[in-house]
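This is what each chain is made of:
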Amino acid sequence: MRAIKFIVFAFVLVSTALNAQDVSNIDFHLRDINGDEHSFQEYLAEIRGSDENPQKGVLFVSFWAMWCKPCKEEMKALVPAFKKLKDKNFHYLAINTDKPKSIAKVKAYVTSQELPYDFWLDPNSEVFKKLNGQSMPYALIITETGKVLKKSVGFIAGDEVEVEEIVSKYLE
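Predicted model only: the values in this text are computed from it and were never measured.

Definitions and cut-offs
Residues numbered from 1 in each chain as written. Predicted model: local features only at pLDDT ≥ 70, side-chain atom pairs only at ≥ 80, totals over all residues. Heavy atoms only, no water. Pairing = 2+ DSSP bridges. Helix = DSSP H or I, 4+ residues; strand = E, 2+ residues; numbered from the N terminus. Axes fitted to C-alpha atoms, helices over the stretch in contact; angles between N-to-C directions. Disulfide = S-S within 2.5 Å. Buried < 20%, exposed > 50% of the residue type's maximum accessible area, 1.4 Å probe, protein only. 1 Å grid on protein atoms, 1.4 Å probe; cavity = no way out; pocket = protein on both sides within 12 Å on 5 of 7 lines; lining within 4 Å. Points joined across faces, edges and corners; volume = space filled by probe spheres on them.

A. Structural detail: the sheet that holds strand S7 (residues 148-153). Reading across the sheet, the seven strands line up as S2-S1-S5-S4-S3-S6-S7 and stay open at both edges, with mixed pairing between neighbours. The sheet is open, and its two borders are formed by strand S2 (37-39) and S7, each paired with just one other strand. The mean inter-strand angle of the sheet, taken between neighbouring strand axes irrespective of direction, is 30°. Here strand S1 (residues 29-32) pairs with strand S5 (residues 118-121) via two bridges, running antiparallel. Each bridged residue has a counterpart across the sheet, and for Asp 32 the counterpart in S5 is Trp 120.

B. Layout of the state of the cysteines. Summed over all chains, the structure comprises one disulfide. The disulfide partner of Cys 68 is Cys 71, and the gap between their sulfur atoms is 2.2 Å. For the disulfide bridge between Cys 68 and Cys 71, the dihedral angle about the S-S bond is near 80°, and by the sign convention the bridge is right-handed. Across the pair, Cys 71 and Cys 68 agree in class, each one buried.

C. Examining the layout of surface pockets more closely. If you add up the space inside the second largest pocket, you get close to 180 Å³. The wall of the second largest pocket is formed by 13 residues, among which Leu 30, Arg 31, Leu 121, Asp 122 and Pro 123 lie closest to the centre. For the lining of the second largest pocket, the elements supplying multiple residues, two or more each, are S1 and helix H6 (126-130).

D. Region of the structure containing unusual backbone geometry. In this structure, the amide linkage connecting Met 136 to the following residue, Pro 137, adopts the cis form with an omega of -5°. Inspection of the secondary structure assignment puts Pro 137 in the loop between H6 and strand S6 (138-143). Phi at Glu 114 is positive, roughly 55°, even though this residue is not glycine. Residue position: Glu 114 is located in the loop between helix H5 (103-113) and S5. The phi torsion at Ser 125 lies on the positive side, around 55°, for a residue other than glycine. Position of Ser 125 relative to the elements: it lies in the loop between S5 and H6. Of the residues examined, Ser 125 reaches a relative accessible area of 14% and is grouped as buried.

Following this line, the structure appears as structure tokens:
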């Protein structure tokens, strides 16, 4: 009986935390694969648009590593959805967590795969931890205002359909 109560409590706690998360006050600065530094809040602001011309938009943030096969599958699987929705203000930010020694391999992989996303580097996994990441692939679907629509851990074929549905519905 105690085990059931614990499971119910944990489910409620996790569901509440996931649904209520907001990243509008979280900022971090990371370098992209070309060495240029970026601010997360400035990136969200670009998606949001100006006060005079506000825009609705969605940001898919995916944490990945070179050793993570499901991470690579997720990035490839979402290319069609990204291409279909990017003109409606859908953005994909892939944040790599490999160690600094692997940066050349990361850039070579991204280039060879012709992935159309923005790639930033989090070599010490500080941002991954800050956003409560525990395993990969770890993804967040975030609105232009910083509200987290969905968090996910792991990837199996077909998950890209759900991502596309969530993004499309929000951008309607």
